[in-house]
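Chains, contacts and geometry: an overview
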Amino acid sequence: VEGSLNWGKLWDTLWLPLENMRAEEIRKVFLAWYLPLTYHDSIVDYVQKNRWNAPISCNEIGYFSDDTILTLAWVYSIIEKAWINIANLFLWHKKMHTIYWWYGFSGTMDRKLTEYDGGEDLSILKGESYWNGVLMKQFPYAAYFHSIDYSDPIDYVDNKIAEIASITHDTPVAKLASIIHNKVLMHLLSCQPDELDL
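Residues numbered from 1 in each chain as written. Predicted model: local features only at pLDDT ≥ 70, side-chain atom pairs only at ≥ 80, totals over all residues. Heavy atoms only, no water.

**A look at the confidence of the model for the protein chain**
Confidence in the prediction of the protein chain, expressed as mean pLDDT, is 78, and 72% of residues score 70 or more. At the level of individual helices and strands, the protein chain shows its lowest average pLDDT in helix H3 (residues 40-50), which scores 60, and its highest in helix H5 (residues 86-99), which scores 91. Scored below 50 in pLDDT, residues 33-39 makes 10 contacts in the model with residues more than four places away or belonging to other chains. The model gives residues 53-62 a pLDDT under 50, and that stretch makes 18 contacts with residues more than four places away or in other chains. (pLDDT = per-residue confidence, 0-100. Helix = DSSP H or I, 4+ residues; strand = E, 2+ residues; numbered from the N terminus. Contact = heavy atoms within 4.5 Å.)

Here you go:
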């Protein structure tokens, strides 16, 4: 689980400078200075000039997006509660947003988390957003479901994932995609690479 979280953070970091670029731009950047990492300062310069005005030092290596920040919110919530507590999950979203408010959250999520008071009433977070939502930060809960010995049928897991997704992405597509993604992640956690049937 720790390894998966770290690799997810690394991939998020590597992708971030290219976010919202067209294919030709990506090819030019990738071939010109994206590799090797000795060109890291150029990447940071690009991000600073084109994405946000963030207080980032070029000497720091460890850039990641709001997806990683909110994935960590899930981790902290599970550590704190040791079970799924949806209000606490979004309280941790609020805490992480308060720390990293300058990091480049989507306008919608930025507004919602700013207005959310961190309490049990999650109605301010509700909406029919069509962005990637839960999918980008779902691994900690897949790991949680995989690790516990629960007697409830699998419908319990599916319903809980749909309930979490519906807080910010209350559409049938978002809920179904989150359920399928969770099933895939749990399957990957339950088998070895040589057992995978692509």
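**Regarding the packing of H5 against helix H6 (residues 107-115)**
One way to put it is that H5 packs onto H6 with a least axis distance of 9 Å and a crossing angle of 105 degrees. Viewed along their axes, H5 and H6 adopt a mutual orientation that is roughly perpendicular. Contacts between H5 and H6 involve His-93, Lys-94 and His-97 from the first element and Asp-110, Leu-113 and Thr-114 from the second. Taken together, the residues of the contact of H5 with H6 sort by class into one nonpolar, three polar and two charged. (Axes fitted to C-alpha atoms, helices over the stretch in contact; angles between N-to-C directions. Parallel < 35°, antiparallel > 145°, perpendicular 65-115°, else oblique. Nonpolar A, V, L, I, M, F, W, Y, C, P; charged D, E, K, R; others polar.)

**Here's the deal with unusual backbone geometry**
For Ala-82, which is not glycine, the phi dihedral falls at a positive 65 degrees. For Ala-82, the location among the structural elements is in the loop between helix H4 (66-81) and H5. On the accessibility criterion, Ala-82 (56% relative accessible area) is exposed. (Buried < 20%, exposed > 50% of the residue type's maximum accessible area, 1.4 Å probe, protein only.)

**Let's talk about helix H7 (residues 139-147)**
Among the nine residues that make up H7, seven are buried, leaving the element largely enclosed by the rest of the structure. Listed as buried for H7 are Phe-139, Pro-140, Tyr-141, Ala-142, Ala-143, Tyr-144 and Phe-145.

**Some details on the side chain of Ser-77**
Following the sequence through the fold, Ser-77 ends up in helix H4. Not counting chain neighbours up to four residues away, the residues in contact with Ser-77 comprise Ala-82, Asn-85, Asn-88, Leu-89, Trp-92 and Tyr-141.

**Observations regarding the packing of helix H1 (residues 2-15) against H4**
Helix-helix packing: each pair is described by the crossing angle between the helix axes and the interaxial distance. Between H1 and H4, the least distance of the axes is 10 Å, while the angle of their chain directions is 160 degrees. One way to sum up the angle between H1 and H4 is to call them roughly antiparallel. Our pair here, H1 against H4, has a crossing hand that is left-handed. Contacts between H1 and H4 involve Leu-5, Lys-9 and Asp-12 from the former and Asp-67, Thr-68, Thr-71 and Val-75 from the latter. Looking at the contact of H1 with H4 residue by residue, the classes come out as two nonpolar, two polar and three charged. (Left-handed = near helix turned anticlockwise from the far one by under 90°.)

**Some points on the pattern of salt bridges**
Within the structure shown, the criterion is met by four salt bridges. One salt bridge in this structure joins Lys-183 and Asp-158, with 3.2 Å as the shortest N-O distance. Taken together, the positions of Lys-183 in helix H9 (residues 172-190) and Asp-158 in helix H8 (residues 154-168) put the pair 25 residues apart, joining distant regions of the chain. Overall, Asp-158 belongs to the buried group, its relative accessible area being 12%. Here Lys-160 makes a salt bridge to Glu-163, at a shortest N to O gap of 3.4 Å. Pair noted here: Lys-160 and Glu-163 are both in helix H8, with a separation of three residues, about one helical turn. For Lys-160, a relative accessible area of 16% translates into the label buried. (Salt bridge = Lys/Arg side-chain N within 4 Å of Asp/Glu carboxyl O.)

**A look at the nonpolar core**
Counting 33 residues, the largest nonpolar core has Phe-90, Tyr-141 and Phe-145 as the members making the most contacts within it. Contributing elements (two or more residues each) for this core: H4, H5, H6, H7, H8 and H9. It is H7 that provides the largest number of residues to this core, a total of six residues. The contacts of Phe-90, once residues within four sequence positions are left out, are Tyr-116, Leu-122, Leu-125, Ile-164, Ile-167 and Thr-168. (Core = buried A, V, L, I, M, F, W, Y, C linked by side-chain atoms within 4.5 Å.)

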